[in-house]
Amino acid sequence: MEKGKMECVMAMDYAEGWDQWKTKFKDALKQGRKFGLSDETIKTMSLKIGDFLATKLCAHTKEEELMHDLWTTANAEERKVLAAIVFKMIDK
């Protein structure tokens, strides 16, 4: 297996599926708030994480593939909207 592909696969072992990914995101949101991060700061961080995920990780589920396609198709303003929507979905 080529090096880039192996890094991709190893990184995605963090979340085994969409529901687990949402749970981990929700836990991270709670931790950020616990440490005093504002929702706006968390949303800004989400943009950076989205950029990282879109360029470094491979999609292993249909949901991840959809998120990747939406993110890579969107411009900067649209990515802010996507991040806000995901934040809202996780925060409910």
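Quick summary incoming for the structure in this document.

The rules behind each value
Residues numbered from 1 in each chain as written. Predicted model: local features only at pLDDT ≥ 70, side-chain atom pairs only at ≥ 80, totals over all residues. Heavy atoms only, no water. Helix = DSSP H or I, 4+ residues; strand = E, 2+ residues; numbered from the N terminus. Expected span 1.5 Å × (residues − 1). Buried < 20%, exposed > 50% of the residue type's maximum accessible area, 1.4 Å probe, protein only. Arc of directions from axis to C-beta. Contact = heavy atoms within 4.5 Å. Patch = residues over 30% accessible without salt bridge, like charges linked within 9 Å, V, L, I, M, F, W, Y side chains within 5 Å. Areas by Shrake-Rupley, 256 points an atom, 1.4 Å probe, with all protein chains shown as cover. Salt bridge = Lys/Arg side-chain N within 4 Å of Asp/Glu carboxyl O.

1. Observations regarding helix α5 (residues 76–91)
Three- or four-residue spacings in an α-helix give side chains the same orientation, since the helix completes a turn every 3.6 residues.
Alright, step 1. Its 16 residues give α5 an end-to-end C-alpha distance of 22 Å, which sits within 8% of 22 Å, the value for a rise of 1.5 Å per residue.
Alright, step 2. All buried positions along α5 are accounted for by L82, A83, V86, F87 and I90. Projection of α5 onto a plane perpendicular to its axis shows the buried side chains occupying an angular sector of 135°, all on one side. In α5, the exposed residues that point more than 90 degrees away from the buried face are E77, I85 and K88.
Alright, step 3. Here the buried face of α5 lies against α2 (18–34), α3 (39–56) and α4 (62–73).

2. Some remarks on a nonpolar patch on the surface
Alright, step 1. Side chains of L37, M45, I49, F52 and L53 sit close together on the surface and give an oily, nonpolar patch of about 420 Å² of accessible area.
Alright, step 2. By relative accessible area, which is 47% here, I49 ends up partly exposed.

3. Details of the environment of F25
Alright, step 1. Examined against the element boundaries, F25 turns out to sit in helix α2.
Alright, step 2. Linking F25 and V86, residues 61 residues apart in sequence, is a C-alpha distance of 9.6 Å.

4. Quick notes on the pattern of salt bridges
Alright, step 1. Counting across every chain of the model gives six salt bridges.
Alright, step 2. One salt bridge in this structure joins K22 and D19, with 3.9 Å as the shortest N-O distance. Of this pair, K22 and D19 both sit in helix α2, three residues apart, which is roughly one turn of the helix.
Alright, step 3. On the basis of relative accessible area, K22 is assigned to the partly exposed category, the value being 27%.
Alright, step 4. For E77, the salt bridge identified is with K80, shortest N-O distance 3.2 Å. With a gap of three residues between them, E77 and K80 both fall in helix α5, about one helical turn apart.
Alright, step 5. A relative accessible area of 43% places K80 in the partly exposed class.
Alright, step 6. Among the charged side chains, a salt-bridge network with shared partners connects R33, D39 and D91.

The values reported here are purely geometric and, on their own, carry no functional implication.
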